[in-house]
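Residue-level listing of the chains:
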Amino acid sequence: MAKALFLVASLLVLGNVSFIHASFAPNLIIDMAKIVMDNYCSPEKLVGMKEAIEAAGSNTEILNIPDGESLANVLSSGVQTTVSDPRLMVSFEPNYVPVVPPQMPPLPPEQLIAVLQTSIKLDILEGNIGYLRIDHILGEEVAEKVGPLLLDLVWNKILPTSALIFDLRYTSSGDVSGIPYIVSYFTQAEPQIHIDSVYDRPSNTTTKLFSMDTLLGERYDATKPLIILTSKNTKGIAEDVAYCLQNLKRATIVGEKTAGGSVKLEKIKVGDTDFYVTVPTAKSINPITDSSWEITGVTPNVEVNAEDALATAIKIVNLRAEVPAIIEGAATLIADNYAFENIGADVAEKLKGLLTNGEYNMIVSRESLETKLSTDLKTLSGDKSLKTTRNTPALPPMDYTPEMYIELIKVSFHTDIFENNIGYLRFDMFGDFEEVKAIAQIIVEHVWNKVVNTDAMIIDLRNNIGGPTTAISGFCSYFFDNKRQIVLDKLYDRPSGTTTELRSLPELTGERYGSKKSLIILTSKATAGAAEEFVYIMRNLGRAMIMGETTNGSSHPPKNFRVGETDIFLSIPTVHSDTTFGPGWEGAGIAPHLPVPADDALEYAKTVLNKHFAGQK
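For every chain, the first residue of the written sequence is number 1, and numbering continues from 1 onward in sequence order. Under the rules for a predicted model, residues below a pLDDT of 70 receive no local features and side-chain atom pairs below 80 are neither given nor counted, while totals for whole chains, interfaces and linings still include all residues. Derived side-chain values reflect all non-hydrogen atoms in the structure, with water molecules and hydrogen atoms excluded from consideration.

1. Quick look at the overall build of the protein
Looking only at helices and strands, the protein has 17 helices and 27 strands in total. The contact definition used throughout considers only heavy atoms, calling two residues in contact when any of these lie within 4.5 Å. A fraction of 77% describes how many contacts in the protein between residues 6 or more apart in sequence connect residues 24 or more apart. Computed by Shrake-Rupley with a 1.4 Å probe, the accessible areas treat only the displayed protein chains as cover when residues are assessed. Counting every atom, the protein has about 30,000 Å² of accessible surface; 54% of that belongs to carbon and sulfur. In this text, helices come from DSSP runs of H or I with a minimum length of four residues, and strands from runs of E with a minimum of two, each type numbered from the N-terminal end.

Written as structure tokens, this is what we have:
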């Protein structure tokens, strides 16, 4: 109501501005407002306008203005601002001649062919990519007349192509009855699809548009790529076609955001004057989005300048041609190499199923392919480590001096001695055995010797994200006596089909902590990879109490595999721990003996150990 009053009032106030040399009837503004009220496609924006018009009807002041065009411009601005719709326009056109939609004349076949060839552009690009440009969307009546010719001249040449680029960058006119025709040629015959709903305000009726079950000629295979090119000049019915096919996930839109026009605009004469009001009298309501492209335009899936749209579309089509081989190759790598054979086979089969079901039909870039593939692999396997990756070359070894190693070790390890001679050791990543071996003596002198003579120890792995597992045997060995060699774990390597025993080491650098003194390991959701393997061993062998949160549930360090000859690489876990006595830690993580929030775990550990020592006194 308030908006409607403002609209009418603003029109009247604008009309009362004093000008000279010309005047118009006092009912002009009221007549314009009534046209908008009776015909505008979104009446919910005009609630209360009837009452506003009646209230303003007693105003009989004469509008004094210099000319009709000036008044029309002012009124257009006021209406557009008030209703928030730039399609509403007032014009002053004394010589206006209504546009009559052109009728298809009964031309001889050769002339009809010439007309069609000038309005439709067809080409077959390299790689068997079809290109079709249509600058006007034909309506049902015309389509039925020229249908057989269109089949021979255009459609039958498009059908054998491997993909189609449908160019609507220059399409600014069309007939709403053509929408079902175009959409149906790119969708399956069954089931019938509710494409769009068009609400017509003057008749207060809604027409539902459905896909057609019978067509002249064959449909374009629904599995073939369809790219629609758009520009800021793509308008009206062409926008509806693009929006429908985009939301049906049948087409990818490439180019610029479209004009944001209307399915139906009418220019209505204001009484006996030379003023006209252009009003959108109908609106599209998409059944999938429950919204419309009108005013806002159709947003492309890939937004590029209109002049770059064709080249971009060709790149997308060429990429999609590679996708089946990439997915098949990825599936084979997973089936052959994933640590858990049954899971690998299941993931590979389901991945190929996603390809068959069209899940990869809308890929627009290599990045989007890698992202989707990675997401699908994690979802299908439940394994965070099974994903796409970059094949980043390993950094060359650094030539550190002993002094540099000492400084590096100081920032990599944190030690402390708490009450009751409780040692504390924290490090956030495991190192490779060969690298650690070279500096083992430095680590012992600057780290291990600070905590080895304590009466109990807390090892803090709450922020340890893993690293290589090659040093696990050595680190575990410090917490067992050297009476006999212990089998810490058995590691199954899927590619080779071999099982390797992980054993404690008989010789170590520095003194052992031994198997008698209390040991608590702190964990969190971030504790991953090699750190989990260490926790798993110490828990299974009953050597430590685990306190904190269930660990990340990642995997042994994965290996990188190249997918065919592409530049796409997969990170695949190929090794898993001994599952003789039940599931390993991969995927599920390791549950602590004493679950506590990670932030509180250290204080809990100190409390437990202090009570233990207090009980011994």
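2. Thoughts on the pattern of salt bridges
Salt bridges are identified by distance alone: a Lys or Arg side-chain nitrogen within 4 Å of an Asp or Glu carboxyl oxygen. Taken as a whole and assessed by the stated rule, the structure comprises 21 salt bridges. If you follow the salt bridges from partner to partner, you end up with Asp-85, Arg-87 and Glu-294 in one network.

3. Details of helix α4 (residues 68-83)
The span you would expect from a helix comes to 1.5 Å times its residue count less one. Look at α4: 22 Å from first C-alpha to last across 16 residues, which is about the 22 Å you get at 1.5 Å a residue. Positioned one or two residues after α4, Ser-84 has a phi angle of 60 degrees, which is positive.

4. Overview of the sheet that holds strand β18 (residues 422-427)
Strands pair, by our definition, only if DSSP identifies at least two bridges between them. Taking strand neighbours across the sheet as the criterion, the six strands line up as β17-β18-β19-β22-β23-β27 in an open arrangement whose pairing is mixed. The open sheet is flanked by β17 (413-418) and β27 (594-595), the only strands paired with a single partner. Sheet topology places β17 next to β18; six bridges connect them, and they run antiparallel. From the neighbouring strand, Phe-418 faces β18, where its bridge partner is Ile-422. Only C-alpha atoms enter the line fits that serve as axes; for helices the fit covers just the stretch in contact. Angles between N-to-C directions range over 0 to 180 degrees. Where helix α16 (residues 530-540) meets the sheet, its contacts fall on β19 (456-460), β22 (518-523) and β23 (545-548), and the angle it forms with β22 comes to roughly 140 degrees. Contacting β17, β18, β19, β22, β23 and β27, helix α17 (residues 601-616) crosses the sheet at an angle of about 165 degrees to β22.

5. Describing the packing of aromatic side chains
Note on ring pairs: Phe, Tyr and Trp rings are taken, using the six-membered ring of Trp, and paired if centres are within 6.5 Å. Classes follow the plane angle, with under 30 degrees stacked, over 60 edge-to-face and the rest tilted. Applying the stated criterion across every chain yields a total of 21 aromatic pairs. Taking 5.1 Å as the distance between ring centres and 65 degrees as the angle between the ring planes, the aromatic pair formed by Trp-155 and Tyr-185 counts as edge-to-face. Here Trp-155 is found in helix α6 (residues 140-158), whereas its partner Tyr-185 is found in helix α7 (residues 179-185), with 30 residues between them in sequence. Three labels apply to residues, based on accessible area from a 1.4 Å probe with only protein chains included: buried if under 20% of the type maximum, exposed if over 50%, partly exposed otherwise in between. Take Trp-155: its relative accessible area is 9%, and that puts it in the buried class. The criterion is that NZ of a Lys, or CZ of an Arg, lies within 6 Å of the ring centre and within 35 degrees of the ring normal, and then a charge sits over that ring. Between the NZ or CZ atom of Lys-224 and the centre of the ring of Tyr-220, over which it lies, the distance is 4.9 Å.

6. Re the pairing of strand β11 (residues 226-230)
Of all five residues that make up β11, five are buried, and the element is covered over most of its length. Judged by which residues are buried, β11 turns out to be covered on both faces: Leu-226, Ile-228 and Thr-230 on one side and Ile-227 and Leu-229 on the other are all buried. Alignment of strand β7 (residues 163-167) against β11, held across four bridges, turns out to be parallel. If you follow Ile-165 over to β11, its bridge partner there is Ile-227. Between β11 and its parallel partner strand β12 (residues 252-255), the chain crosses via helix α8 (residues 237-247), and the hand of that crossover is right-handed. Seen with its strands pointing away from the viewer, a crossover is right-handed if its path from the first strand over the helix to the second goes clockwise.

7. Notes on the side chain of Ser-211
Summarising the element assignment, Ser-211 is placed in the loop between β10 (205-210) and β11. Under this definition, polar contacts are N or O atom pairs within 3.5 Å; protein pairs additionally need one hydrogen-donor-capable and one acceptor-capable atom, and for neighbouring residues in sequence, both atoms have to be side-chain atoms. A distance of 2.7 Å separates a polar atom in the side chain of Ser-211 from the backbone nitrogen of Ile-193. Ignoring sequence-local partners within four residues, the contact set of Ser-211 consists of Ser-184, Thr-187, Pro-191, Gln-192, Ile-193 and Ile-195.

8. Comments concerning helix α2 (residues 28-39)
For α2, built from twelve residues, the straight-helix expectation of 16 Å at 1.5 Å per residue is met to within 8% by its first-to-last C-alpha distance of 17 Å. For α2, the buried fraction is high: nine of the twelve residues fall into the buried class. All of the buried residues in α2 are Leu-28, Ile-29, Ile-30, Met-32, Ala-33, Ile-35, Val-36, Met-37 and Asn-39.

9. A word on the sheet that holds β7
Taken in spatial order, the six strands of this open sheet run β4-β5-β7-β11-β12-β15, and their pairing is mixed. Since the sheet does not close on itself, it has two edges, and those belong to β4 (120-125) and β15 (302-303), each with one partner. Here strand β5 (residues 129-134) pairs with β7 via five bridges, running parallel. Within β7, the residue paired with Tyr-131 across the bridge is Ile-165. Along the sheet face, α6 touches β4, β5 and β7 and points at about 30 degrees away from the line of β4. Contacts between helix α9 (residues 309-337) and the sheet are confined to β4, β5, β7, β11, β12 and β15, with β11 contributing the most and set at about 165 degrees to the helix.

10. Details of the pairing of strand β20 (residues 487-493)
For β20 and strand β21 (residues 498-503), the ladder comprises six bridges, and the chain directions are antiparallel. Residue Leu-491 lies in a different strand from β21, and its bridge partner there is Thr-500. Where β20 hands over to β21, the hairpin turn is made up of four residues, of which Gly-497 adopts a positive phi near 70 degrees. Sheet topology note: the β20/strand β26 (residues 575-576) ladder contains two bridges and is antiparallel. Residue pairing in the sheet places Tyr-492 in a bridge with His-576 of β26.

11. With respect to the side chain of Ser-524
One can find Ser-524 in the loop between β22 and α16. Within polar-contact distance, the side chain of Ser-524 engages the backbone nitrogen of Ala-526 at 3.0 Å. The residues touching Ser-524, leaving out its near neighbours within four places in the chain, are Arg-462, Glu-549, Thr-550, Thr-551, Asn-552 and Ala-598.

12. Quick notes on the environment of Thr-509
Along the chain, Thr-509 falls in the loop between β21 and β22. For the pair Thr-509 and Ile-443, spaced 66 residues apart in sequence, the C-alpha separation works out to 9.4 Å. Ignoring sequence-local partners within four residues, the contact set of Thr-509 consists of Ala-440, Gln-441, Val-444 and Tyr-478.

13. Regarding the packing of α9 against helix α10 (residues 341-356)
Axis separation between α9 and α10 bottoms out at 8 Å; the angle between their running directions is 170 degrees. By the angle class used here, α9 and α10 are roughly antiparallel. In this structure, α9 uses Val-323, Pro-324, Ile-327, Glu-328, Ala-330, Ala-331, Ile-334 and Ala-335 to contact α10, whose residues at the interface are Gly-344, Ala-345, Val-347, Ala-348, Leu-351, Lys-352 and Leu-355. Three classes are used, and their members are as follows: Ala, Val, Leu, Ile, Met, Phe, Trp, Tyr, Cys and Pro are nonpolar, Asp, Glu, Lys and Arg are charged, and the others, Gly among them, are polar. Partitioning the contact of α9 with α10 into residue classes produces twelve nonpolar, one polar and two charged. With respect to orientation, any angle under 35 degrees is reported as roughly parallel, any angle over 145 as roughly antiparallel, any angle of 65 to 115 as roughly perpendicular, and every other angle as oblique.

14. Focus on the environment of Lys-208
Relative to the elements of secondary structure, Lys-208 occurs in strand β10. Taking the C-alpha atoms as reference points, Lys-208 and Pro-287, separated by 79 residues in sequence, lie 9.4 Å from one another. Once you skip the residues sitting within four places of it in the chain, Lys-208 turns out to touch His-194, Asp-196 and Ser-197.

15. Description of a nonpolar patch on the surface
Every patch collects residues that have over 30% relative accessible area and no salt bridge, joining them within 9 Å if they carry like charges and within 5 Å if they are nonpolar side chains (Val, Leu, Ile, Met, Phe, Trp, Tyr). A grouping of Met-545, Leu-594, Tyr-604 and Val-608 is seen on the molecular surface, where their side chains present a nonpolar patch of about 300 Å² in accessible area. Examined against the element boundaries, Val-608 turns out to sit in helix α17.

16. Focus on the packing of α10 against helix α11 (residues 366-381)
For any two helices packed against each other, the geometry comes down to the angle between their axes and how far apart the axes lie. The geometry of α10 relative to α11 is characterised by a closest axis approach of 10 Å and an angle of 135 degrees between their N-to-C directions. With respect to each other, α10 and α11 are oriented oblique. Note on packing geometry: the crossing formed by α10 with α11 is right-handed. Seen from α10, the contacting residues are Val-347, Lys-350, Leu-351 and Leu-354; seen from α11, they are Leu-373, Asp-376, Leu-377, Leu-380 and Ser-381. Split into classes, the residues belonging to the contact of α10 with α11 amount to six nonpolar, one polar and two charged. Handedness of a helix crossing follows the sense of rotation of the near helix relative to the far helix, less than a right angle counterclockwise being left-handed and clockwise being right-handed.

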